[in-house]
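Listed below, chain by chain, are the residues.
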Amino acid sequence: MKVVIFDNLPSGGAKRVMELLSYELAKKKITVDNYRISDLPEDNNLGLKYCKSILIKPWKGFLPRLVWIVLILPIIHKKLAIYINNQGYDFAIINHDYLTKSPYILRYINCRKIYICHEPQREFYEDSKYHAESFKKKLANIIRLPIKIIDESNYKFADQVISNSKYSMEVIRKVYKSNSIIITPPVNSAIFRKQHSESQIKKYFLCIGSLNKIKGHDFIVSSIKPILNK
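Bear in mind that the values here come from a model prediction, so they are computed numbers and not experimental data.

K.L.:
Outline the overall build of the protein, supporting the account with residue identities and numerical values.
P.N.:
The secondary structure content of the protein amounts to eight helices and seven strands. Taken against the 2.2 N^0.38 rule, which gives 17 Å for 230 residues, the C-alpha radius of gyration of the protein at 19 Å falls within 12% of a compact globule. Its C-alpha atoms give the protein principal-axis dimensions of roughly 60 × 50 × 35 Å. Put simply, 59% of the contacts in the protein that link residues at least 6 apart link residues at least 24 apart. For the protein, the computed accessible surface area is about 14400 Å², with 59% contributed by carbon and sulfur atoms. Seen as two clouds, the 38 positive and the 20 negative side-chain charges of the protein have centres 1 Å apart.

Structure (structure tokens):
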């Protein structure tokens, strides 16, 4: 069996999922090739056995970058898809593209496409207090509405969608009007393993994520405060 994996994400949990997935598939003697379109040169290998990275340079400036995403990026994805289609892959596993969320390449790959969708383009669907408190940011989101349309359009070309939790499954159903299969992200058990008995573990709250307002740490703090007060 021959599998192709695509993503365009900076460092983070979603990218780590693809690393571990590639590793696990390779252990099962499945041929796995990884492709990236990235403007981050330091992210060109992912630590994977094989990864082909195409370096891109989006136009600078808010509006020029938006025009580049709408007009130029789909051409880049289409050219890569033509190459992939000629390699005889049995199926493709597609991750997010941070520029559009659901990537254009979903439109152009011929083999069966499995899309791992961790979340929608959140700024278009969530409370503006997390994404656009100021008038300037609200205006920017309005101008970026083509990205919302592109994301929803690209999503429809997936043959199967995978979500990472019940919550994500419900969000995907609400936003894209589509069902997904829940597969929780893999864990490297060689690193993360239980080392103590239940009685030895101290009681504490652990919240993992970058210190960014959209991660909702303030929600966690406000939620556990009544518990701590008791």
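K.L.:
So, the pattern of salt bridges: which residues are in play, and what are the values?
P.N.:
Under the defined criterion, the tally for this structure stands at 10 salt bridges. Arg144 serves as the salt-bridge partner of Glu123, at 2.7 Å between the closest nitrogen and oxygen. Linking Glu123 in the loop between strand 5 (112-116) and helix 5 (135-143) with Arg144 in the loop between helix 5 and helix 6 (145-155), this pair joins segments that are 21 residues apart in sequence. In terms of burial, Glu123 and Arg144 fall into one category: buried. Note that Glu152 is salt-bridged to Lys148, the shortest N-O span being 3.3 Å. Here Lys148 and Glu152 lie together in helix 6, a separation of four residues that amounts to about one turn. For Glu152, a relative accessible area of 23% gives the class partly exposed. Shared partners join several salt bridges into a network, and the residues in it are Lys101, Glu119, Arg122 and Glu126.

The rules we used
Residues numbered from 1 in each chain as written. Predicted model: local features only at pLDDT ≥ 70, side-chain atom pairs only at ≥ 80, totals over all residues. Heavy atoms only, no water. Helix = DSSP H or I, 4+ residues; strand = E, 2+ residues; numbered from the N terminus. Rg over C-alpha atoms; globule rule 2.2 N^0.38 Å. Contact = heavy atoms within 4.5 Å. Areas by Shrake-Rupley, 256 points an atom, 1.4 Å probe, with all protein chains shown as cover. Lys, Arg positive; Asp, Glu negative; His and termini not counted. Charge placed at Lys NZ, Arg CZ, Asp CG, Glu CD. Salt bridge = Lys/Arg side-chain N within 4 Å of Asp/Glu carboxyl O. Buried < 20%, exposed > 50% of the residue type's maximum accessible area, 1.4 Å probe, protein only.

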